[in-house]
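Inside the fold
One letter stands for each residue in the lines below.
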Amino acid sequence: MSDEQQVYARYVSWLDQQVMIGGRGDGLSTSDMDPSTVFWLGKLAPFAPAQDGVDRRGRMDPCAIGLRVRPSTPAPWSFIATIEACAWTRLDDGRWEKSDTISVPVPTTVEAGAAGLAVGADALERAFAGAGLPHLRAEIQVTDESWRDGEPELIIQLVNTSTPTSPKGQGYLFESSIAVSGLQTKPFVLEALPDSFRYDRRMPALGINCGVIRDDIGNLSTTDTIVVDRRRPQYAFGATSTDCLDLTFERLAAQPVATLTELVDAYAGWGNKHWSEDRLQQRATLEGWTAQMITDAAAAAGEHRDELDRLRHGVRTLKNEPLLMRAFALMNESMAHAGRGRVDRWRPFQIGFIVATLPGLLKDGAEWPTVETIWFATGGGKTEVYLGLLVLAVFYDRLRGKRAGITAWSRFPLRLLSLQQTQRFANALGAAELVRRKHAIGGDQIGLGYFVGRSSTPNEIPVFPNDQNEVNVEDPAMPAKYQVLIACPFCGSDRLRMKFDRAKWRLCHLCDAQDCPSSGEPLPVYVVDQEIYRFLPPVVIGTLDKAALIAMQGGMRAFVDGPAGECERPGHGFTYARRSKRPNGCLVPDCKAGVRLLTPKSRGDFAPSYRLQDELHLLRDSLGAVDSHYESLLDTLQSTLAGSSAKIIASSATLTGFERQAEVLYQRAGRVFPQPGPSAGESFWSEETEDLLRRFVAVWPRGVTLEWVSDRTTTIVQQSIRRLREDPAGICSEIGVDVSHAQRLIDLYGTNVVYGTTLRDVEAAQRSLGTQVPVSPLNSVQLTGGSLFEDVKTALERLTHPETNFDDRVHVVTASSMMSHGVDLDRLNIMTVLGMPLTTAEFIQTTARVGRTYPGLVYVVLKVGRERDASTFAHFAPFIEQGDRFVEPIPVTRTSRRVLELTLPAAIEARRLFVHEPASPGERLTMVDHLRRYFAMGAISPKAETDACAGALGLPPDAHLARDDVDAQLEVYFARLSNPGYGAKWPNQLLTRQPMRSLRDVETSVPITDD
């Protein structure tokens, strides 16, 4: 472990100890409050019978702790159970005083079939009496449960058998534990997961209302929390270390084939060692693999060989395709510029994915239809892979002759796109534009479109504000509201400002740095929907919800084909279908300039080459079902209009069922990179170091609310950092680090995150900060999907560049799932998670927001009244160590009739806008009368239109009920169309329901809580 990392790891350990002390009461001798209402760890309530047959109290405020063990020898079993505990007594003045701790070893012998064997009561009674606690009683209870599966199995518990007292706290035991020595045991096998040659499913024992640890000689003891440390991975080591393999951007730009050949040869050599038959046979014998595990390992070895073949094919493709070779070199030159000296090389897995994907970038190649999915640990650098691929794709398109239009549309599943993600994309594309200029590559500027919706940026800039659009061009403060960049993508300066250019009707980002390559011209970043349609930047990033616009916005034609033409007035951009307010099709208000129309062939060249999907695993349930129809609609329109299809590239947090998800969402085959190694933590692409990545602490609150534990944890965390500020020498000495590190520790650990799995939890946590956390000043921000765009910008700016004075900084962030993706701040290193998130993937993504660069500390405060949380606590160590295996299969289908009811109107309207209107001889199909005349001409029959709509949504031929529903909706549609007496004026009035405005508009939301 490096010296610097050791300093931070020691602080994390010390801070965890402070929270543990606060939760148990260690070190205190007196208290002004009833300890049973203050402490949440280590206490046992007095025994009370269950009421009405329900005993949730056994979890919420247990009277017993213990462990379930499997003796390795037959009965009788002998061991020593050592009990430790203390208690509190209320004094006459109302204060509470803690007793000395008792420690009582109880020799125990258990015969086969024992049920509720009680031992040690007398010894414990004497010990309590000696400590001045004659009213307390406890015993050890042992039960033989070998009947479960024929294997020896014992339950050993410490039970507080005291009578409930008044005041309440006098009947409790505190700082309690039970340790078992002298008993030979064998581990349990975690049955929640299948056998795997990669993972160890063994657990030394199971805790009952607590955790369990095993020492080096086999003794077992209970713990109040379960602590699991994950180690920080490294990505260049052994044959890929910087001494052995130069993966710098500079070398890959100059010598791509030779460098990549070295990488592939290293991968082959590693595989020959780790995936060889001899190696697998050795492991099978040593680890006792089952026949199925041997079969699985052989299949995985085959997947490794397939991946090796993909890499070799990628290198050959690069060597044989001169344009791709040049684009690859330009991409590496761009990434070097974007790194600005901070990052100068690829991680092996990053460039490995790009190389493996190269054959799939050839539009006429057999691999073009394949969905390429990258799977890697969160925080490993998947975003940089995306950026490299995007820049490569843009240059490849330009070199192949695509001078304008969208190359890639990158979609994110959350409602709000992180500004940090946006900045990273802008930096890479800004660097690519400078490289384009340097090498005199033709075409429009390489820029970025920010396509997220009016909650963040405007759909359009109106001439006058109105009820639907409040943007006011006369408001001098208006432009600044929509700044999405933190720094200039050309020069890195933060001297940015916003300006509305009335002449070009454009909202501009400007850099005022003196030496900026922009020379005062607007940066190629577009944040207004209509500006994206007008200028068609080669890369558009945004939220998945924007796909719904395909049924409503004529400008969306550029996302499946190309614009109608280009306005002759400089700076106005591309034009689209003519409308009464836009007689020439120009989107700039009141423009009457001429238009250069595009030919059908040239329009097809504008069609996007790639659609990227981030966090593929989040496209599940109704969102996934709806998106599957819109993906088919986009594919069908692009095929019909442009004669091409977009390549799909995705990232995912799980390998579980990714092939089926690719088939359902995109109706294409899918493959993933990289394949996992032969054992956990053993991979060519990464390996664990000794450095601490994150410490996870599972907390089972006893007798108090989750909110209380959260508030107390926040209090201790904030008080601890303030102690460090006030007494740096003393606290650093206590931690075991030099005082010179104090300020850095304050900067890195002075802000903690409270993450709520529901908005209700987040809001409750935010309210509590003002009343239940006795720390002042305590500044907080709230980040949820409902946070205003301007508030999010301000919060991220303060977190990224904290105020000089600690008292002025943000100390606590309360957040929901909005923060679980794309928020990467080195200063966020402490998190409290309030209950288990709905899915394991969300837990993995959320907790990865802390500890990105420095050791992180994550408290998982469980809602133990919930079965899922209780189960997670019981298996917390393997849950953390093998988290990817706990990720649930992705539930998604494209044959939902309810979803079809929602998506079919989009197919009808999109076909009217983009298929029928361009084919209509000189007449816009914006009114029902026009549409009626068009269909009366016999260009397409109602039956053919019905089949076309079903095909556009990708309904399989055997989905008979779904196709019947399409027939029924279109029958109503055409009946209304053919009946002038129906009274419809606009085409959307013929529909049985309006097209979705968001892909999430599936059902009316109903608040659900776990109360």
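Scoring rules and cut-offs
Residues numbered from 1 in each chain as written. Predicted model: local features only at pLDDT ≥ 70, side-chain atom pairs only at ≥ 80, totals over all residues. Heavy atoms only, no water. Phe/Tyr/Trp six-rings, centres within 6.5 Å; stacked < 30°, edge-to-face > 60°. Helix = DSSP H or I, 4+ residues; strand = E, 2+ residues; numbered from the N terminus. Buried < 20%, exposed > 50% of the residue type's maximum accessible area, 1.4 Å probe, protein only. Salt bridge = Lys/Arg side-chain N within 4 Å of Asp/Glu carboxyl O. Polar contact = N/O pair within 3.5 Å; in protein donor to acceptor, adjacent residues only side chain to side chain. Pairing = 2+ DSSP bridges. Contact = heavy atoms within 4.5 Å. Axes fitted to C-alpha atoms, helices over the stretch in contact; angles between N-to-C directions. Core = buried A, V, L, I, M, F, W, Y, C linked by side-chain atoms within 4.5 Å. Parallel < 35°, antiparallel > 145°, perpendicular 65-115°, else oblique. Left-handed = near helix turned anticlockwise from the far one by under 90°. Nonpolar A, V, L, I, M, F, W, Y, C, P; charged D, E, K, R; others polar. Expected span 1.5 Å × (residues − 1). Arc of directions from axis to C-beta. pLDDT = per-residue confidence, 0-100. Patch = residues over 30% accessible without salt bridge, like charges linked within 9 Å, V, L, I, M, F, W, Y side chains within 5 Å. Areas by Shrake-Rupley, 256 points an atom, 1.4 Å probe, with all protein chains shown as cover. Lys, Arg positive; Asp, Glu negative; His and termini not counted. Charge placed at Lys NZ, Arg CZ, Asp CG, Glu CD.

**Let's talk about the packing of aromatic side chains**
Remark: the centre distance and the inter-plane angle together describe each pair of aromatic rings, the angle taken between the planes. Applying the stated criterion across every chain yields a total of 38 aromatic pairs. Consider the rings of Y267 and W270, whose centres lie 6.3 Å apart with planes at 10°: the pair is stacked. With Y267 and W270 both in helix α5 (residues 256-274), this residue pair falls 3 residues apart, about one helical turn. A relative accessible area of 3% places Y267 in the buried class. Consider the rings of Y533 and Y576, whose centres lie 6.4 Å apart with planes at 70°: the pair is edge-to-face. Separated by 43 residues along the polypeptide, Y533 in helix α12 (residues 529-535) and Y576 in the loop between β25 (574-575) and β26 (595-597) bring together distant segments of the chain. Among the residues examined, Y533 registers a relative accessible area of 2% and is labelled buried.

**Focus: the pattern of salt bridges**
Evaluated as defined, the whole model comprises 59 salt bridges. The shortest N-O distance in the salt bridge between D807 and R725 comes to 3.1 Å. With D807 in the loop between α20 (789-800) and β33 (812-815) and R725 in helix α16 (residues 706-726), this pair connects stretches of sequence that are 82 residues apart. For R725, a relative accessible area of 35% translates into the label partly exposed. Shared partners join several salt bridges into a network, and the residues in it are R24, D26, K98, E175, D224 and R702.

**A few points about the side chain of T457**
As for its placement among the helices and strands, T457 is situated in the loop between β19 (448-451) and β20 (496-501). With relative accessibility at 0%, the residue T457 sits in the buried group. Among the polar contacts made by the side chain of T457, one reaches the main-chain carbonyl oxygen of V527 at a distance of 3.0 Å.

**Looking at the sheet that holds strand β18 (residues 408-412)**
The strand order β22-β19-β23-β18-β27-β28-β17-β29 describes an open sheet built from 8 strands, whose pairing is parallel. Of all the strands in the sheet, the pair left with one neighbour each is β22 (525-526) and β29 (670-673). Inspection of the sheet shows β19 paired to strand β23 (residues 539-543) by 4 bridges, in the parallel sense. Residue pairing in the sheet places L448 in a bridge with V539 of β23. Against the sheet, helix α7 (residues 291-320) contacts β17 (371-375) and β29, and its axis sits at roughly 90° relative to β29.

**Here's the deal with the pairing of strand β6 (residues 102-110)**
On β6, burial follows the alternation: I102, V104, V106, T108 and V110 on one face are buried, whereas S103, P105, P107 and T109 on the facing-out side are not. Pairing analysis gives 9 bridges linking strand β3 (residues 77-86) to β6, with the strands arranged antiparallel. Bridging from a neighbouring strand, T82 pairs with P105 of β6.

**A short note on the nonpolar core**
Counting 145 residues, the largest nonpolar core has I351 and I354 as the members making the most contacts within it. Ranked by the residues each element gives to this core, the list is headed by helix α10 (residues 382-399), at 12 residues. Counting residues in each nonpolar core, the second largest holds 77 residues, with F535, I550, L634 and A952 among its members.

**Some remarks on the sheet that holds strand β32 (residues 780-783)**
Hydrogen bonding along the main chain pairs the strands of a sheet, whether they run parallel or antiparallel. As summarised here, the arrangement of the 7 strands in space is β16-β30-β35-β34-β31-β33-β32, forming an open sheet in which the pairing is mixed. For this open sheet the edge positions go to β16 (225-234) and β32, each flanked by a neighbour on one side alone. Taking the axes of each pair of neighbouring strands and ignoring which way they run, one obtains an average angle of 20° across the sheet. Here strand β31 (residues 752-756) runs beside strand β34 (residues 830-834); their pairing, made up of 5 bridges, is parallel.

**A closer look at the packing of helix α25 (residues 897-919) against helix α28 (residues 960-978)**
Two elements in contact, α25 and α28, have axes whose closest approach is 10 Å; the angle formed by their N-to-C orientations is 45°. The angle between α25 and α28 falls in the class oblique. Judged by the sense of rotation from one axis to the other, the crossing of α25 with α28 is right-handed. Residue-level contacts link R897, L900, E901, L904, P905 and I908 of α25 to L961, A962, D965, V966, Q969, L970 and Y973 of α28. Here the contact of α25 with α28 is composed, by residue class, of 9 nonpolar, 1 polar and 3 charged.

**Some remarks on the pairing of β31**
Burial analysis of β31 places 5 of its 5 residues in the buried class, which makes it a mostly covered element. Residues N752, V754 and G756 of β31 are buried on one face, and the alternating residues V753 and Y755, pointing to the opposite face, are buried as well. Relative to β33, β31 runs parallel, the two sharing 4 bridges. Looking at the pairing, Y755 lines up with A815 of β33.

**Some thoughts on helix α19 (residues 759-771)**
In this model, α19 (13 residues) spans 19 Å end to end at C-alpha, consistent with the 18 Å of a helix rising 1.5 Å per residue. Where α19 is concerned, the buried positions are D761, V762, A764, A765, S768 and L769. On an axial view of α19, the arc spanned by its buried residues comes to 165°, and they lie on one face. Facing away from the buried side of α19 by over 90 degrees, the exposed positions are R767, G770 and T771. Of the surrounding elements, those touching the buried residues of α19 are α16, β31, β32, β33 and β34.

**Observations regarding the environment of A123**
As for its placement among the helices and strands, A123 is situated in helix α3 (residues 121-130). For the pair formed by A123 and G405, sequence separation is 282 residues and the distance between their alpha carbons is 83 Å.

**Remarks on the confidence of the model for the protein chain**
For the protein chain, the average pLDDT comes to 91, and 97% of its residues sit at 70 or higher. Note on residues 50-57: pLDDT under 50 across the span, and 6 contacts to partners over four residues away in sequence or across chains. The low-confidence segment residues 1004-1011 (pLDDT under 50) makes 5 contacts with residues lying over four places distant or belonging to another chain.

**Here's the deal with a negative patch on the surface**
Together, E303, D306, D309 and E659 make up a region of like negative charge exposed at the surface. For the negative patch, the element with the most residues is α7, which contributes 3 residues. With respect to the helices and strands, D306 occurs in helix α7.

**Section: the packing of helix α9 (residues 348-357) against α10**
It is at 9 Å that the axes of α9 and α10 come closest, and there the two elements cross at 40°. When the interaxial angle is binned, α9 and α10 end up oblique. Both α9 and α10 take part in a crossing whose hand is right-handed. Listed contacts from α10 to F349, Q350, F353, I354 and T357 of α9 are K382, E384, V385, G388, L389 and L392.

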